[in-house]
Amino acid sequence: MAEVLERFPLFPLGLVLLPHEVVPLHIFEERYKTMIGECLACGGEFGVVWLAGTGLREVGCAAAIARVLERADDGRMNILAEGTAPFRLLRRRDELAYPAGDVELLRDEHAPVDAELARATRERYADVVARATDDRPEAAEIGELGAYRMAATLDFELEAKQDLLELREERERLRRVRDLLDDTLGRLEYAEAAEELARTNGRARPRGP
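(A) View of helix α1 (residues 30-42). For α1, with 13 residues, the first-to-last C-alpha span of 19 Å sits near the 18 Å given by 1.5 Å per residue. Listed as buried for α1 are Tyr32, Lys33, Met35, Ile36 and Cys39. Projected onto a plane normal to the axis of α1, the buried residues spread over an arc of 165 degrees and lie on a single side. What points out from α1, more than 90 degrees from its buried face, is the exposed set Glu30, Ala41 and Cys42. Just downstream of α1 lies Gly43, where phi reads positive at about 70 degrees.

(B) Structural context of the layout of surface pockets. By volume, the largest pocket is sized at about 230 Å³. As for the largest pocket, its lining consists of Val128, Leu154, Asp155, Phe156, Glu157, Ala160, Arg176, Leu180, Asp183, Thr184 and Arg187. Broken down by element, the residue count for the lining of the largest pocket peaks at 5 residues, all from helix α6 (residues 170-199). In terms of residue class, the lining of the largest pocket is made up of 5 nonpolar, 1 polar and 5 charged.

(C) Focus on the pattern of salt bridges. The tally for this structure, following the rule as stated, stands at 23 salt bridges. Ionic pairing is found between Arg124 and Asp182, a salt bridge with its closest N-O pair at 2.5 Å. Of this pair, Arg124 sits in helix α2 (residues 115-133) while Asp182 sits in helix α6, placing them 58 residues apart in sequence. Taking the relative accessible area as the measure of exposure, Asp182 reaches 34% and is therefore partly exposed. Ionic pairing is found between Asp179 and Arg178, a salt bridge with its closest N-O pair at 3.5 Å. A relative accessible area of 41% means that Asp179 is categorised as partly exposed. Judged by its relative accessible area of 24%, Arg178 is partly exposed. Through salt bridges with shared partners, a single ionic network connects Glu6, Arg7, Arg91, Arg93, Glu95 and Asp102.

(D) Representation of the environment of Glu157 in the model. Within the secondary structure layout, Glu157 lies in the loop between α4 (147-151) and α5 (158-166). By relative accessible area, Glu157 is classed as exposed at 65%. Taking the C-alpha atoms as reference, Glu157 lies 28 Å from Tyr98; in sequence the two are 59 residues apart.

(E) Examining the pairing of strand β3 (residues 46-52) more closely. Among the 7 residues that make up β3, 6 are buried, leaving the element largely enclosed by the rest of the structure. Note: strand β1 (residues 4-13) against β3, 4 bridges, orientation parallel. For Phe11, the partnering residue across the bridge sits in β3 and is Val48. Judged from the 3 bridges that link them, β3 and strand β5 (residues 59-71) form a sheet pairing that is antiparallel. Residue Phe46 lies in a different strand from β5, and its bridge partner there is Ala63. Bridge analysis of β3 against strand β4 (residues 55-56) gives 2 bridges, and the strand direction is antiparallel. Counted as the bridge partner of Ala52 is Gly55 from β4. Hairpin connection, β3 to β4: the antiparallel pair is bridged by 2 residues.

The rules behind these values
- Residues numbered from 1 in each chain as written.
- Predicted model: local features only at pLDDT ≥ 70, side-chain atom pairs only at ≥ 80, totals over all residues.
- Heavy atoms only, no water.
- Helix = DSSP H or I, 4+ residues; strand = E, 2+ residues; numbered from the N terminus.
- Expected span 1.5 Å × (residues − 1).
- Buried < 20%, exposed > 50% of the residue type's maximum accessible area, 1.4 Å probe, protein only.
- Arc of directions from axis to C-beta.
- 1 Å grid on protein atoms, 1.4 Å probe; cavity = no way out; pocket = protein on both sides within 12 Å on 5 of 7 lines; lining within 4 Å.
- Points joined across faces, edges and corners; volume = space filled by probe spheres on them.
- Nonpolar A, V, L, I, M, F, W, Y, C, P; charged D, E, K, R; others polar.
- Salt bridge = Lys/Arg side-chain N within 4 Å of Asp/Glu carboxyl O.
- Pairing = 2+ DSSP bridges.

The structure is reproduced here in structure tokens:
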């Protein structure tokens, strides 16, 4: 049976948080200073939910406070939050001093993971990292990476990250990450070609890969 957390603190934001992803947050509104203060006091978590243009999404990600970077006398804080687990918002709760709701923690369906798919996706991930940083990760470094851990380190579009968060099979997430990595590689290759043409006084046509 799925675990339900009642009156779970919620932080609607213009971002999508994934499990294992670490993001900096600036806490300045009174209601969120209260919320984060309570989480720090009891070691609890809060939920990050994407406040998209179409409204608040139902599926979000629980977050732990990994580190307090700075704390002002008036309660303002800069923190690092790390995604832990996806959840579905069942209902909003309005009786607290900050946004909250009853949420259901989401578990993956038990479906076999294709070993070849996982290997190919990790290879593409290594290709992207090498293109972006000139430092290719060793096989041992990426040998156990899942879809969330790979996606958490890359700058994918919000809708793509939300899609990943809502998928309940690792196999499907790996397929989605592989496709996103292919697209990213194409864009990086195009950018490199355009830069090379610019250095040689050539002219790159304004089109994508």
